[in-house]
Amino acid sequence: MIPKDWSEVDIELFVKLYPTFKDETLTDSQIIDNKIKQLSIIKNISLEDASLCTTKEAHKVKELLTKEMPTKIVEKFKLNGVTYRFNIDANDLDSGGYVGVMNAIKDDPIKNMHVSIFNLTTPIKLTVKGWVDYEFKHSEVGDRMNEFKKLPLNIAYPISVFFLNLLENLTPVMEDYLSKSLEKMSKELDKTKEDLLSGDGQ
């Protein structure tokens, strides 16, 4: 079934489709091959079977890919039975989350979109006191992160764009924070060494 809009496309499918988006420099025959490849990816069929698809199906793919990308940020969502909130406030983004996102972006921002977005979220649960944050067990983090490959693009894309824009302003701040943290740790280690050598640490 061909998705009607971006809410029916998940990150995993988007990552596969992404290399086919830029066809300005392709020849006419290459453009046709590219359209067949898009059909193959979207319908999860072979290129040979995709080449036999109807013009109507090809038109549906074109309609999908020419739709505007979603822009509305969803602050809270559910995925595989778990409710998450986005850390859209820069103050909520700790150094660990920042480093996790930066590593994902550095390696491959599109392929690792699910990793970036996972690091921008916090799992929450409803209690008598309202929604509260909690943490996954270390052993389940990897599986939970991979589940984000199935996150619909209407949720994933807006927060990705928002964060990348935020990152341009946040990067100098975080780098300064990390630098100061490392400097503080280094001074504390030096002080510990001095104490040990002087006998004060005994």
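See the structure printed just above.
Residues numbered from 1 in each chain as written. Predicted model: local features only at pLDDT ≥ 70, side-chain atom pairs only at ≥ 80, totals over all residues. Heavy atoms only, no water.

**Quick look at the side chain of His-114**
Topologically, His-114 is positioned in helix 6 (residues 113-119). Setting aside chain neighbours within four positions, we find His-114 in contact with Ile-11, Met-145, Asn-146, Phe-148 and Lys-149. (Helix = DSSP H or I, 4+ residues; strand = E, 2+ residues; numbered from the N terminus. Contact = heavy atoms within 4.5 Å.)

**Some details on the sheet that holds strand 4 (residues 130-133)**
In sheet architecture, strand pairing relies on hydrogen bonds along the backbone and comes in two forms, parallel and antiparallel. With antiparallel pairing, four strands are arranged side by side in an open sheet as 1-2-3-4. The open sheet terminates on both sides in strands that have one partner only, identified here as strand 1 (76-79) and strand 4. Neighbour to neighbour, the strand axes of the sheet diverge by 45° on average, direction disregarded. (Pairing = 2+ DSSP bridges. Axes fitted to C-alpha atoms, helices over the stretch in contact; angles between N-to-C directions.)

**Focus on the packing of aromatic side chains**
Here the structure, examined in full by the defined rule, presents eleven aromatic pairs. With a centroid separation of 5.7 Å and 55° between ring planes, the pair formed by Phe-14 and Phe-21 is classed as tilted. For Phe-21, a relative accessible area of 27% gives the class partly exposed. Ring pairing ties together the aromatic residues Phe-77, Tyr-84, Phe-86, Phe-118, Tyr-134, Phe-136 and Phe-148, which thus form one cluster. The ring of Tyr-134 has Lys-125 lying over it, and the distance from NZ or CZ to the ring centre is 5.3 Å. (Phe/Tyr/Trp six-rings, centres within 6.5 Å; stacked < 30°, edge-to-face > 60°. Buried < 20%, exposed > 50% of the residue type's maximum accessible area, 1.4 Å probe, protein only. Lys NZ or Arg CZ within 6 Å of the ring centre and 35° of its normal.)

**Concerning the side chain of Ser-40**
If you trace the backbone, Ser-40 turns up in helix 2 (residues 28-43). With a relative accessible area of 12%, Ser-40 lands in the buried category. Sequence-distant contacts of Ser-40, defined by excluding residues within four places in its chain, comprise Ile-45, Ser-46, Leu-47 and Ala-50.

Interpretation note: all reported values are geometric properties and have no functional meaning in isolation.
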